[in-house]
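# Working through the structure, step by step
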Amino acid sequence: MDIGTATILMVGAIFALLVTGLPLAFITGLVAMVFTFGWFGETALPLVTSRVYGFITEYSLVAVPMFVLMASLLDRSGIAKDLFNAMRVFAGRLPGGVAVQTIVVAFFLAALSGIIGGEIVLLGILALPQMLRLGYDKRLSIGVVCAGGALGTMMPPSIVLIIYGLIASVSIAELFTAAVTPAVILMGSYIAYVLVRCLKNPALGPPLDESTQDNPFASKLDAVKAIVLPGMIAFLVLGTIYGGIASVTEAAAMGVFGVLLAIAVRGEFAMGMLHHSLGQTMNTCGMIIWIGIGAAALVGVYNLMGGNRFVSGMILGLDVAPIVIIMVMMAIMLILGLFLDWIGIAMLALPIFLPIVVQLGFDPIWFGILFAVNMQVSFLSPPFGPAAFYLKSVAPPDISLQDIYLSVLPFMAIQLCVLAALLMWPQLAIWPL
C-alpha cells in the first residue's frame, strides 16, 4: 500500500468512527494503533509513545489547568455579574447599547480567562434574557452572545494560543502580544455591526429609558468600583507576561491566586465553590490531554509512514503563489471545523501544516493568529459549532438550534472578513513584535 492510499484510508476511518459518536481521543488513538501495527508491527510502538510523552511533559501545558480554574472560579463568583451590570451605566441610552455592553464585557471576560465555553454560558444567563426583556431582536441578541463568547479563542490568555505555541514551539508570550490587535479589531467590528444595524432600525435594539433602568449601580463611581477588581486581575495576568516579570505558566498561577483573593474579599468564598471549580478543571483538562495523546500518536505514526513528506510534496507542488497555499490550509481547517472541535484540529492539522508554513518563509506567529481566528469561525459554524450547544443549554425554551445557527451567520461573515484582512496585511498581527 502506498502512502496516498493509506492517507485516504486513515482520513476515511476517522470520519467513519466520528459518526458512531465515539470521543475523538479514542478514535485517533485507535486509528493510530491500527496503522502502527499494520504498517510497522509492534517494533514501532516505542517511537509513537515517545511522541506522546513529549507532549504531556511540556512545562507550558501547566498553564492550561490554571486558566481553566480561573474561568471556573469567575463563573461561580459574582465578579462577572457585577461587571456586566456596571457596564450598563456606561451603555446609556444608545440604540443597541446593551448589546454593545455585552460585547465589551465578553472582551473583558476573555482577557480574564481565555475559556470560550464558560463565557457563552455566562453571557447566556446574564445578557440574553436582559436583551430579550428589553425588546431586542432575538437573532441579534443571540449572535452577540455567541460571537462575544468566541472572543476567548483570540484574546490572551487564550487556551487556543497556548496549545498552538506548544505544537509550533514558538513563544506563547509573543503569540499573546500578536493576538491583541486582531482581537480588538474583531470586537470593534462586532460593535460597529450592532451600532449600524440599531441606528438604522432602533427597533432591533431599543435605547434604554427611565422605565427600563433597573441597574443596581446608582452612579458611575459605583460602576467603576465594580470594574476595578476584574481589571486588576487581568493586569495581574497579562501585565506580568507583557512586562517580562513572569512566564505564561507563572502568570496563570498568579491569576488563580488573584481570583481566589478577590472572591475572598467579596465574601463569596466557599469550599463547595472550590470543589466544583476543581472538578470542572479536571474534566476540561482531562479532555484536552486525552485528545492530545490520541492526536499525537496518530500524527506520530503518520509521519513515520512518510505522511508529512507526502503532504508537503503535494502542497508545495502546487503551481500557485505561497499565499494561496496558506489560503488552502485555512479552507481545509474551516471544513474540519464543521466536524471537529478546535483541539482536534490543532493536534491533527498543525503538525503537518506548520513545517510547510515555515518552509514557505511565513512567520509561524502570524499563522497562529490566523489559526485562532479560524477557530472562532469553527466555534460558531453549524452543524457542530459548540457555541450553539453551550447557549442552547441555558437559553429560553423558545430558542431553537436553528435560531442560533441563523443568528451567528452575520458574525461568521465578520470573522471571515477579519481573517481575510490578516491574510492580506500580516502586519495587523505582528507589528508589535
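Heads up: the structure comes first, above all this text.
Now for a description of the structure that goes with this document. (Residues numbered from 1 in each chain as written. Predicted model: local features only at pLDDT ≥ 70, side-chain atom pairs only at ≥ 80, totals over all residues. Heavy atoms only, no water.)

A word on the overall build of the protein chain. In terms of helices and strands, the protein chain carries 20 helices and zero strands. In terms of overall size, the protein chain behaves like a compact globule, its C-alpha atoms giving a radius of gyration of 22 Å where 433 residues would be expected to give roughly 22 Å. Classification of the 433 residues of the protein chain by burial places 54% in the buried group. When contacts within the protein chain are restricted to residue pairs at least 6 apart in sequence, those whose partners lie at least 24 apart make up 80%. Of the accessible surface of the protein chain, which amounts to about 17,600 Å², a share of 71% is contributed by carbon and sulfur atoms. (Helix = DSSP H or I, 4+ residues; strand = E, 2+ residues; numbered from the N terminus. Rg over C-alpha atoms; globule rule 2.2 N^0.38 Å. Buried < 20%, exposed > 50% of the residue type's maximum accessible area, 1.4 Å probe, protein only. Contact = heavy atoms within 4.5 Å. Areas by Shrake-Rupley, 256 points an atom, 1.4 Å probe, with all protein chains shown as cover.)

A covalent bond between the sulfur atoms of two cysteines is referred to as a disulfide. A complete count under the given rule lists zero disulfides for this structure. Not engaged in a disulfide, the cysteine Cys198 finds its nearest cysteine sulfur in Cys146; these two sulfurs lie 17 Å apart. Residue classification places Cys198 among the buried residues on the basis of a relative accessible area of 0%. (Disulfide = S-S within 2.5 Å.)

It is worth spelling out helix α17 (residues 364-380) at this point. Here α17 spans 25 Å end to end across 17 residues, near enough to the 24 Å set by a 1.5 Å rise per residue. Here α17 lies mainly inside the structure; 16 of its 17 residues are buried. Its side-chain oxygen at 2.8 Å from the backbone nitrogen of Ile365, Asp363 defines the N-terminal cap of α17. (Expected span 1.5 Å × (residues − 1). Polar contact = N/O pair within 3.5 Å; in protein donor to acceptor, adjacent residues only side chain to side chain.)

Between helix α8 (residues 138-149) and helix α10 (residues 172-200), the shortest axis-to-axis distance is 11 Å and the interhelical angle comes to 170°. Put simply, α8 runs roughly antiparallel to α10. Along the contact surface, α8 presents Leu140, Val144 and Ala147, while α10 presents Tyr190, Tyr193, Val194 and Cys198. Across the contact of α8 with α10, the residue classes break down as seven nonpolar, no polar and no charged. (Axes fitted to C-alpha atoms, helices over the stretch in contact; angles between N-to-C directions. Parallel < 35°, antiparallel > 145°, perpendicular 65-115°, else oblique. Nonpolar A, V, L, I, M, F, W, Y, C, P; charged D, E, K, R; others polar.)

The tally for this structure, following the rule as stated, stands at two salt bridges. Between Lys138 and Asp403 there is a salt bridge, and its shortest N-O distance comes to 3.4 Å. Taken together, the residues span a long stretch of sequence, with Lys138 in helix α8 and Asp403 in helix α19 (residues 401-424) at a distance of 265 residues. Here Glu268 makes a salt bridge to Arg266, at a shortest N to O gap of 3.0 Å. Judged by its relative accessible area of 29%, Arg266 falls in the partly exposed class. (Salt bridge = Lys/Arg side-chain N within 4 Å of Asp/Glu carboxyl O.)

So, about the packing of α17 against α19. Where α17 contacts α19, the two axes come as close as 9 Å, and the packing angle between them is 170°. In this view, α17 runs roughly antiparallel relative to α19, as classed from their interaxial angle. Where α17 abuts α19, its residues Trp366, Ile369, Leu370, Val373, Asn374, Gln376, Val377 and Leu380 lie against Val408, Phe411, Met412, Gln415, Leu416, Leu419, Leu422 and Leu423. Split by residue class, the contact of α17 with α19 holds 13 nonpolar, three polar and no charged.

This brings us to the side chain of Ser378. Looking at the element boundaries, Ser378 is found in helix α17. Discounting residues that sit within four places of it in the chain, Ser378 has contacts with Gly337, Gly385 and Pro386.

The subject of this paragraph is a nonpolar patch on the surface. Together, Met1, Leu9, Trp39, Phe40, Leu47 and Leu304 make up an exposed nonpolar region whose accessible area comes to about 570 Å². Turning to its location among the elements, Leu9 is positioned in helix α1 (residues 3-19). (Patch = residues over 30% accessible without salt bridge, like charges linked within 9 Å, V, L, I, M, F, W, Y side chains within 5 Å.)

Attention now moves to the packing of aromatic side chains. Tallying each qualifying case throughout the model produces five aromatic pairs. On the numbers, 5.6 Å between centres and 65° between planes, the contact of Tyr190 with Phe411 is edge-to-face. Of this pair, Tyr190 sits in helix α10 while Phe411 sits in helix α19, and the two are 221 residues apart along the sequence. An identical accessibility class is assigned to Tyr190 and Phe411; each is buried. Here the aromatic cluster, defined as three or more aromatic residues joined through ring pairs, consists of Tyr190, Tyr193 and Phe411. (Phe/Tyr/Trp six-rings, centres within 6.5 Å; stacked < 30°, edge-to-face > 60°.)

This part covers the side chain of Asn303. Residue placement: Asn303 occurs in helix α13 (residues 271-304). Not counting residues within four places of it along the chain, the set of residues in contact with Asn303 comprises Arg51 and Asn308.

Mapping Val104 onto the fold places it in helix α6 (residues 97-113). Taking relative accessible area as the criterion, Val104 reaches 17% and is therefore assigned buried.

Bringing unusual backbone geometry into the picture now. The residue after Pro156, namely Pro157, is reached through a cis peptide bond having omega 5°. As for its position among the elements, Pro157 is in the loop between α8 and α9 (159-168).

Here the focus is the environment of Val62. As for its position among the elements, Val62 is in the loop between α3 (45-56) and α4 (63-76). The exposure class of Val62 is partly exposed, given its relative accessible area of 36%. Linking Val62 and Thr43, residues 19 residues apart in sequence, is a C-alpha distance of 32 Å.

If you look at the biggest cluster of nonpolar residues, it comprises 157 residues, and the most contacted ones within it are Ile163 and Phe367. Not counting chain neighbours up to four residues away, the residues in contact with Ile163 comprise Leu61, Val64, Ile288, Trp342, Ile343, Ala346 and Met347. (Core = buried A, V, L, I, M, F, W, Y, C linked by side-chain atoms within 4.5 Å.)

The next thing to look at is helix α16 (residues 342-359). If you check α16, its first and last C-alpha atoms are 24 Å apart, about what 18 residues at 1.5 Å a residue would give, namely 26 Å. The largest bend along α16 reaches roughly 50° and is located at Leu350, with the proline Pro351 sitting one to four residues downstream. α16 sits mainly inside the fold: 15 of its 18 residues count as buried. Immediately beyond the C-terminal end of α16, within one or two residues, lies Gly361, with a positive phi of roughly 90°. (Bend = angle between axes of the 7 residues up to and from the residue.)

This part covers the environment of Gly337. Checked against the element boundaries, Gly337 lands in the loop between α15 (322-336) and α16. Those residues in contact with Gly337 that lie beyond four places of it in its chain are Ile345, Ser378 and Ser381.

These figures capture arrangement, not role.
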